Amino acid sequence: MTSRNQKWWEDFWLKHNEGYGAPNEKLLGFASDFIKGRQGLTAVDIASGDGRYAIPLAKMGYIVDAIEYAETGVQRIKDNALKAGVEINTFQADFIQQAKGKKQYDLVLSSGLLEEIDQKYHKEVVEGFMNWTKPQGLNIIKFCLWIKGRGYLTQRNLVKPLYEKAGWKIMFFDTPTEIQQSKANIKFDDKIESKIMTETVVASKP
């Protein structure tokens, strides 16, 4: 179901200490504004990797679950959360298999998942984000459209219409046409995926 199988990801988080770099401050800004003045909000970071978003969410005051495909990634999240002095509930799972579940969160965040799974599952996964969201909840979704050396991995302007069709309010949408420098700059399979194009959707559930 993923373009890189579980063993690949297990090895990745075992070998790479640098992870994917610092989280996107704009995404964290939406999460910070959403929780402002409130307590006890729940959040889930789907495809959490090393917890680079889960940890800041916990520091903001969210009760955070982090879901990661690789067990080595789960362990990395636990280690990083311990170092950061925050509590995060971690789960090893394939979200494609979990998407139709009935979990409910105030905030669903996913950065970097769609480009790593077969496109035939993209609609199902986005609907899973929606299904996991409480009424008046927020989704923050960021993914790569194109990666140097891998080509187009996600269909442009697929995600936003899915939210609009479901009656969600689009709070922010960004689909740049220019290639960007990747902050990760990690060497994958002897290639450095240094150039990317990304799309971001922030949407509020009615």
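This text gives an overview of the structure that appears in the document.

**Details of helix H2 (residues 25-35)**
And step 1. Those residues of H2 lying buried are Leu27, Leu28, Phe30, Ala31, Phe34 and Ile35. Seen end-on, H2 carries its buried residues on one side only, within an arc spanning 155°. Opposite the packed face of H2, turned more than 90 degrees from it, sit the exposed residues Glu25 and Asp33.
And step 2. On the buried face of H2, the contacting elements are helix H3 (54-60), strand S4 (105-111), strand S5 (133-147), strand S7 (169-174) and strand S11 (195-204).

**Looking at helix H6 (residues 122-131)**
And step 1. All of the buried residues in H6 are His122, Val125, Val126, Gly128, Phe129 and Met130.
And step 2. Here the buried face of H6 lies against strand S1 (42-46), helix H5 (95-98), S4, S5 and helix H7 (159-165).

**Considering the packing of aromatic side chains**
And step 1. Under the defined criterion, the tally for this structure stands at five aromatic pairs.
And step 2. Aromatic side chains tyrosine 105 and tryptophan 132 sit 5.9 Å apart centroid to centroid with 35° between the ring planes, which places their arrangement in the tilted category. Of this pair, tyrosine 105 sits in strand S4 while tryptophan 132 is found in the loop between H6 and S5, placing the two residues 27 residues apart along the sequence.
And step 3. Note on tryptophan 132: relative accessible area 1%, which makes it buried.
And step 4. Aromatic ring contacts, followed pair by pair, group Phe95, Tyr105, Phe129 and Trp132 into a single cluster.
And step 5. The ring centre of phenylalanine 34 lies 4.5 Å from the NZ or CZ of arginine 38, which sits over that ring.
And step 6. Note that lysine 103 overlies the ring of phenylalanine 91, its terminal NZ or CZ placed 5.0 Å from the centroid.

**Regarding the nonpolar core**
Here is a general trend for soluble globular proteins: nonpolar side chains tend to be buried in one another's company.
And step 1. In terms of nonpolar packing, the biggest core is built from 28 residues, with Ile46, Phe95, Val125, Phe129, Trp132 and Tyr163 touching the most fellow members.
And step 2. Residue assignment for this core shows that the elements contributing at least two residues are S1, H5, S4, H6, S5, H7 and S11.
And step 3. Per element, the largest residue contribution to this core is four residues, and it comes from H6.
And step 4. With near-sequence residues (within four places) excluded, tyrosine 163 lies in contact with Val126, Phe129, Met130, Asn139, Ile141, Trp168, Ile170, Val201 and Ala203.
And step 5. With 25 residues, the next largest nonpolar core counts Ile35, Ile55, Ala66 and Leu107 among its residues.

**Concerning the side chain of histidine 122**
And step 1. Structurally, histidine 122 is set in helix H6.
And step 2. Among the residues examined, histidine 122 registers a relative accessible area of 0% and is labelled buried.
And step 3. Engagement of the side chain of histidine 122 in a polar contact is seen with the backbone oxygen of leucine 114, the distance being 2.7 Å.
And step 4. The contacts of histidine 122, once residues within four sequence positions are left out, are Leu114, Ile117, Leu153, Thr154 and Leu158.

The rules we used
- Residues numbered from 1 in each chain as written.
- Predicted model: local features only at pLDDT ≥ 70, side-chain atom pairs only at ≥ 80, totals over all residues.
- Heavy atoms only, no water.
- Buried < 20%, exposed > 50% of the residue type's maximum accessible area, 1.4 Å probe, protein only.
- Helix = DSSP H or I, 4+ residues; strand = E, 2+ residues; numbered from the N terminus.
- Arc of directions from axis to C-beta.
- Contact = heavy atoms within 4.5 Å.
- Phe/Tyr/Trp six-rings, centres within 6.5 Å; stacked < 30°, edge-to-face > 60°.
- Lys NZ or Arg CZ within 6 Å of the ring centre and 35° of its normal.
- Core = buried A, V, L, I, M, F, W, Y, C linked by side-chain atoms within 4.5 Å.
- Polar contact = N/O pair within 3.5 Å; in protein donor to acceptor, adjacent residues only side chain to side chain.

The quantities given are spatial measurements derived from coordinates; they are silent on function.
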